[in-house]
Structure formats: structure tokens, C-alpha cells
Amino acid sequence: MDESITLDELDWRLLDLLQTDASLTNHALAAAALCSPATALRRVKRLREGGVIERISALVAPTAGGQGLSAICEVSLDRQGAEHQAAFEARVLAHPAVQQCWQVSPGPDFVLVVWAPSMAAFAALTQVLFTQDANVRNVKSYFALKRSKFAPSIPKPLA
């Protein structure tokens with residue numbers, strides 16, 4: 001994100017609306033944000049170009065891919081050097097089953113959220129991502145039973 005961008009009340013109204021429903025037309029967005037369509041378009045363009053809006057995507061229901069399963073995996077590496085962490089990170093980022101990748105501290109080195117269509121597919125995924133990597137020391141996986149909340153939005157900071 002461009003650190004020189006200062007967000008005002010209108011920016012935050014636009015961001016809140018887009019985080020709730022990014023499919024709004026520019027006219028609907030402008031009406032809900034209480035500004036003109038030209039202003040909304042200009043502001044959203046500035047927010048995208050400045051990196052405040054990283055991307056706009058559709059949130060697909062997990063059941064759309066079949067029954068499937070979601071797992072949260074804690075991964076600890078043997079070697080902690082920056083080049084080893086970067087190599088692991090690049091490999092998991094390239095795999096389509098990895099939905100999220102977080103480098104964390106303290107505790108494990110990485111926490112991944114992965115989706116697989118079946119337990120057999122998850123087992124195959126663990127072979128590709130973890131077992132074949134000589135630098136992976138330990139993996140602990142937790143299987144999601146229910147998604148109670150998923151809200152990847154950033155609220156306006158309190159003043």
C-alpha cells in the first residue's frame with residue numbers, strides 16, 4: 001500500500017460498501033456512499049492504484065466445490081533461514097489448494113488454510129506440500145467442522 005494515501009470519511013464509506021458487496025455498480029456505490037458517480041469512480045481508482053484495494057474477487061461458497069474439507073495446518077520448518085522460509089512459502093503459494101498462508105511467530109513458522117475435495121485428496125496434498133519437503137519438521141492439522149464467521153474486511157480505525 002502507498003503510505004502517502006490518507007483515507008477520509010468518504011474513502012472509508014466506499015471501502016465498507018465494497019467490502020460488503022464488491023458487485024455494486026458505480027451508480028449504486030455512489031448513491032450508498034452519498035457522493036457523485038464521478039467522485040466514486042475517481043476515489044475507487046485511486047484506492048486501487050494506491051494499493052489500498054488489493055483486488056476484487058468473488059467469495060465462493062465452500063460447498064460449490066462439493067462436500068470437501070477445510071484444514072488449518074501449522075507448519076514448522078527445520079531450517080529457519082530466510083531463503084528456506086521463502087522457498088517453502090513460494091511452493092505453498094503456487095498450490096491452488098492453499099487458500100491462505102500466514103508466516104507467524106511465535107510457535108510454528110507458517111499457518112496455512114487449505115481446501116481439499118476429500119480426505120484422500122488432503123492426504124495427497126500433504127505428501128506434495130509437506131512430506132516431500134525435507135525442510136518441513138512438523139505439521140499439525142486441524143479440520144474445520146463449521147465455519148461460523150469469515151469476514152476478511154478491514155474496519156475503519158477508531159479515532
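The structure we're discussing is the one just above.
Residues numbered from 1 in each chain as written. Predicted model: local features only at pLDDT ≥ 70, side-chain atom pairs only at ≥ 80, totals over all residues. Heavy atoms only, no water.

Observations concerning the side chain of Gln85
Piece 1. Position of Gln85 relative to the elements: it lies in helix 4 (residues 82–93).
Piece 2. Since its relative accessible area comes to 16%, Gln85 is described here as buried.
Piece 3. Leave out the neighbours within four places in its chain, and Gln85 touches Leu77, Gln80, Gln103, Asp109 and Phe110. (Helix = DSSP H or I, 4+ residues; strand = E, 2+ residues; numbered from the N terminus. Buried < 20%, exposed > 50% of the residue type's maximum accessible area, 1.4 Å probe, protein only. Contact = heavy atoms within 4.5 Å.)

Here's the deal with the packing of helix 1 (residues 9–20) against helix 3 (residues 37–49)
If you want to describe how two helices pack, look at the angle between their axes and the distance between the axes.
Piece 1. Two elements in contact, helix 1 and helix 3, have axes whose closest approach is 10 Å; the angle formed by their N-to-C orientations is 80 degrees. By the criterion of interaxial angle, the relationship of helix 1 to helix 3 is roughly perpendicular. Of the residues in helix 3, those touching helix 1 at Leu10, Asp11, Leu14, Leu15 and Leu18 are Thr39, Ala40, Arg43, Val44, Arg46 and Leu47. (Axes fitted to C-alpha atoms, helices over the stretch in contact; angles between N-to-C directions. Parallel < 35°, antiparallel > 145°, perpendicular 65-115°, else oblique.)

Let's talk about the environment of Gly50
Piece 1. Structurally, Gly50 is set in the loop between helix 3 and strand 1 (69–77).
Piece 2. Remark: the alpha-carbon pair of Gly50 and Phe110, spanning 60 residues in sequence, is separated by 28 Å.
Piece 3. Sequence-distant contacts of Gly50, defined by excluding residues within four places in its chain, comprise Met1, Asp2 and Ile5.

Regarding the pairing of strand 1
Piece 1. Sheet topology places strand 1 next to strand 3 (residues 110–116); seven bridges connect them, and they run antiparallel. In the sheet register, Ile72 faces strand 3, and the bridge partner there is Val113.
Piece 2. Pairing between strand 1 and strand 4 (residues 136–143): seven bridges, direction antiparallel. Bridge pairing in strand 4 links Ser76 to Asn138. (Pairing = 2+ DSSP bridges.)

Quick word on the sheet that holds strand 4
Piece 1. In spatial order, the strands read 2-3-1-4; together these four strands make up an open sheet with antiparallel pairing. Of all the strands in the sheet, the pair left with one neighbour each is strand 2 (98–103) and strand 4. Between one strand axis and the next, the sheet turns through 20 degrees on average, direction left out of account.

Topic: the pattern of salt bridges
Piece 1. Per the counting criterion, the structure on display carries seven salt bridges.
Piece 2. With its nearest N and O atoms 3.5 Å apart, the salt bridge here joins Arg137 to Asp78. Here Arg137, found in strand 4, pairs with Asp78, found in the loop between strand 1 and helix 4; they are 59 residues apart in sequence, far enough to count as distant.
Piece 3. For Arg91, the salt bridge identified is with Asp133, shortest N-O distance 2.2 Å. Here Arg91, found in helix 4, pairs with Asp133, found in the loop between helix 5 (119–131) and strand 4; they are 42 residues apart in sequence, far enough to count as distant. (Salt bridge = Lys/Arg side-chain N within 4 Å of Asp/Glu carboxyl O.)

Points about the packing of aromatic side chains
Here the distance between the centres and the angle between the planes together describe a pair of aromatic rings.
Piece 1. Tallied over the entire structure, the rule returns two aromatic pairs.
Piece 2. Their ring planes at 45 degrees and their centres at 5.1 Å tell us that Phe88 and Phe110 sit as a pair that is tilted. Here Phe88 is found in helix 4, whereas its partner Phe110 is found in strand 3, with 22 residues between them in sequence.
Piece 3. For Phe88, a relative accessible area of 1% corresponds to the buried category. (Phe/Tyr/Trp six-rings, centres within 6.5 Å; stacked < 30°, edge-to-face > 60°.)

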